[in-house]
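# Fold and contact review
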Amino acid sequence: MPKGRRPLIPTYTLPGVLTMQGPSGPARPLVLDSPHSGTDYPADFDAAVDRATLLDAVDTAVDELFGDGPRLGAALLKAHFPRTYIDPNRAVDDLDARLIDGCWPDPLAPTEKTRRGIGLIRRTIGEDDRALYDRRLGVGEVRARIRRYHEPYHRALGKALDRLGERFGAVYHLNCHSMGSRSREDMTLRPDMVLGDRDGTTCEAGFTAFAAEVLGGLGYKVRTNHIFKGVELVRAFSAPDAGRHSLQIEINKALYIDEATRRPRPDFASVQADLAQLIDRLAGYAEERANGAGRNVA
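Residues numbered from 1 in each chain as written. Predicted model: local features only at pLDDT ≥ 70, side-chain atom pairs only at ≥ 80, totals over all residues. Heavy atoms only, no water.

## Overview of the pattern of salt bridges
Here is the rule: By definition here, a salt bridge exists when the distance from a side-chain nitrogen of Lys or Arg to a carboxyl oxygen of Asp or Glu is within 4 Å. Strands are runs of DSSP state E lasting at least two residues, helices are runs of H or I lasting at least four, and both sets are numbered from the N terminus onward. For every residue, the accessible area (1.4 Å probe, protein chains only) is compared with the maximum for its type, and the residue is labelled buried under 20%, exposed over 50%, or partly exposed between those bounds.
Tallied over the entire structure, the rule returns 18 salt bridges. Between lysine 229 and aspartate 199 there is a salt bridge, with its nearest N and O atoms 3.0 Å apart. Of this pair, lysine 229 sits in the loop between strand E11 (222-224) and helix H6 (232-236) while aspartate 199 is found in the loop between strand E10 (193-196) and helix H5 (205-217), placing the two residues 30 residues apart along the sequence. On the accessibility criterion, lysine 229 (39% relative accessible area) is partly exposed. Take aspartate 199: its relative accessible area is 51%, and that puts it in the exposed class.

Structure, rendered in structure tokens:
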């Protein structure tokens, strides 16, 4: 980058909230985000379960798995706060009124996630659906969480996508998660990777198919829109007809960590290297699709 030119996607941190890592070299029209890997627990959380239980809900080290993104020209956004405190992958109206002490002043539109206790503010946690709180949360308390954590995350992601979209004419977004190795319902083994585009509504079919092809070529078993289809972040930030394409990826935790201890497995580095190949090839796909639609990035 020429001296004195401001980066298209600057690197910055909001302590306890998020870090945006901009590309370390020429930018490419790809944004990665890891909304569920945060473990900075706010002092006012006041959960009724211990830290070990809270950690079970973390997408452990997903931000590290995709850490080569900036080196490869992609922007990488990662949350520091935990999804159990407030979930950036839920809409602000996906809220359970039973959790609120008082009357919530805005309209609510709870989804199936809220019915299961895992909406914007979680009500339950763990395989046994334990109560996360032994109290109700005040209206001001929940609004503060939205203002201090949820809104900045969405703002950071939206701004990065806007800037890349304006520069290139199209932008691609990979929303990054991990999943337990077995289904909660019947304990069957899950595939290595699950891709979700909300049944073809959040990105062009070619982007999903290309990601599946790359992962399959690397030896992974991949499913699409089965088990996980994508939630709020791919829904809210996608507009395929306008050149904004969002795809969710879920990685089987057993590939890279010991699920009981959350410690890295010996294969962690090889999975990380495979995901670097995925990032590089998705960025190349994005460049080809956006070719000629925007200005070149020096």
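And the narrative resumes.
## Things to note about the nonpolar core
Here is the rule we go by: Side-chain atoms within 4.5 Å are what join buried Ala, Val, Leu, Ile, Met, Phe, Trp, Tyr and Cys residues into a set we call a nonpolar core. A contact between two residues is defined here by any heavy atoms of the two lying within 4.5 Å.
Of all hydrophobic cores here, the largest spans 82 residues; its most connected members are Leu32, Phe66, Ile121, Leu174, Ile249, Ile251 and Tyr256. Looking at which element gives the most residues to this core, the answer is helix H7 (residues 268-290), with eleven residues. Leave out the neighbours within four places in its chain, and leucine 32 touches Phe66, Gly69, Ala74, Ala75, Leu76, Leu77, Leu174, Cys176 and Ile279.

## A closer look at the packing of aromatic side chains
Formally: Geometry of aromatic contacts follows a simple scheme: Phe, Tyr and Trp rings, the Trp one being its six-membered ring, pair when their centres are within 6.5 Å, and the pair is stacked under 30 degrees between planes, edge-to-face over 60, tilted otherwise. For a Lys NZ or an Arg CZ to count as sitting over a ring, it must be within 6 Å of the ring centre and within 35 degrees of the ring normal.
Within this structure, the stated rule accounts for eleven aromatic pairs. Aromatic side chains phenylalanine 81 and tyrosine 149 sit 5.2 Å apart centroid to centroid with 65° between the ring planes, which places their arrangement in the edge-to-face category. Taken as a pair, phenylalanine 81 in the loop between strand E4 (75-79) and strand E5 (100-101) and tyrosine 149 in helix H4 (residues 139-168) lie far apart in primary sequence, 68 residues in all. Residue classification places phenylalanine 81 among the buried residues on the basis of a relative accessible area of 0%. Each member of the aromatic cluster is reached from another via a ring pair, and the members are Tyr41, Phe45, Phe81, Tyr85, Tyr133, Tyr149 and Tyr153. The ring of tryptophan 104 carries arginine 143 above its face, with NZ or CZ at 5.8 Å from the centroid.

## Focus on the side chain of serine 181
What counts is decided by this rule: Here a polar contact is recorded for every N or O atom pair within 3.5 Å, except that within protein the pair must consist of a potential hydrogen donor and a potential acceptor, and residues adjacent in sequence are included only if both atoms are side-chain atoms.
Along the chain, serine 181 turns up in the loop between strand E9 (171-179) and E10. Side chain to side chain, serine 181 and glutamate 259 meet in a polar contact 2.5 Å long.

## Details of a positive patch on the surface
The line we're drawing: Candidate patch residues must exceed 30% relative accessible area and have no salt bridge, after which like charges are joined if within 9 Å and Val, Leu, Ile, Met, Phe, Trp or Tyr side chains if within 5 Å. Each accessible area value is a Shrake-Rupley result obtained with a 1.4 Å probe; residue values ignore everything except the protein chains displayed when judging cover. Positive charges are assigned to Lys and Arg, negative charges to Asp and Glu, while His and the chain termini are left out of the count. A single reference atom marks each charge: NZ on Lys, CZ on Arg, CG on Asp, CD on Glu.
Residues Arg6, Arg155, Lys159 and Arg163 make up a contiguous surface patch of positive charge. Within the secondary structure, arginine 155 is located in helix H4.

## Section: the pairing of strand E12 (residues 244-252)
Selection criterion: Between any two strands, pairing holds if DSSP finds at least two bridges.
E12 sits mainly inside the fold: eight of its nine residues count as buried. Of the pairings in the sheet, the one linking E9 to E12 comprises nine bridges and is parallel in character. Each residue of the ladder has a partner; that of asparagine 175, found in E12, is glutamine 248. Relative to E12, E10 runs antiparallel, the two sharing four bridges. Looking across to E12, one finds that leucine 195 is bridged to isoleucine 249.

## Considering the confidence of the model for the chain
Convention followed: One confidence number per residue, pLDDT, is output by the predictor and ranges from 0 to 100.
The predicted model of the chain has a mean per-residue pLDDT of 94, with 96% of residues at 70 or higher. Below pLDDT 50 for its whole length, residues 294-298 participates in eleven contacts with residues either more than four positions away or in separate chains.

## Here's the deal with the sheet that holds E4
Test applied: To obtain each axis, a line is fitted to C-alpha atoms, and for helices this fit is confined to the stretch in contact; angles are then taken between N-to-C directions over 0 to 180 degrees.
Read from one edge of the open sheet, eight strands run E1-E2-E4-E3-E9-E12-E10-E11, paired in mixed fashion. Whereas interior strands pair on both sides, the edge strands pair on one side only; in this sheet they are strand E1 (12-14) and E11. Geometrically, the sheet is characterised by an average inter-axis angle of 15° between neighbouring strands, direction not taken into account. Two elements, strand E3 (residues 30-34) and E9, share four bridges in a ladder whose sense is parallel. Bridge pairing in E9 links leucine 32 to leucine 174. Along the sheet, H5 makes contact with E9, E10, E11 and E12, crossing E10 at roughly 170°. Across the face of the sheet, H7 comes into contact with E3, E9, E10 and E12 while running at roughly 155° to E9.

## Focus: the side chain of aspartate 274
By the element assignment, aspartate 274 lies in helix H7. The side chain of aspartate 274 sits in the buried core without any salt bridge; arginine 281 is the nearest counter-charge, 10 Å away. Within polar-contact distance, the side chain of aspartate 274 engages the side chain of tyrosine 220 at 2.5 Å. When neighbours within four sequence positions are excluded, aspartate 274 is seen to be in contact with Leu218 and Tyr220.

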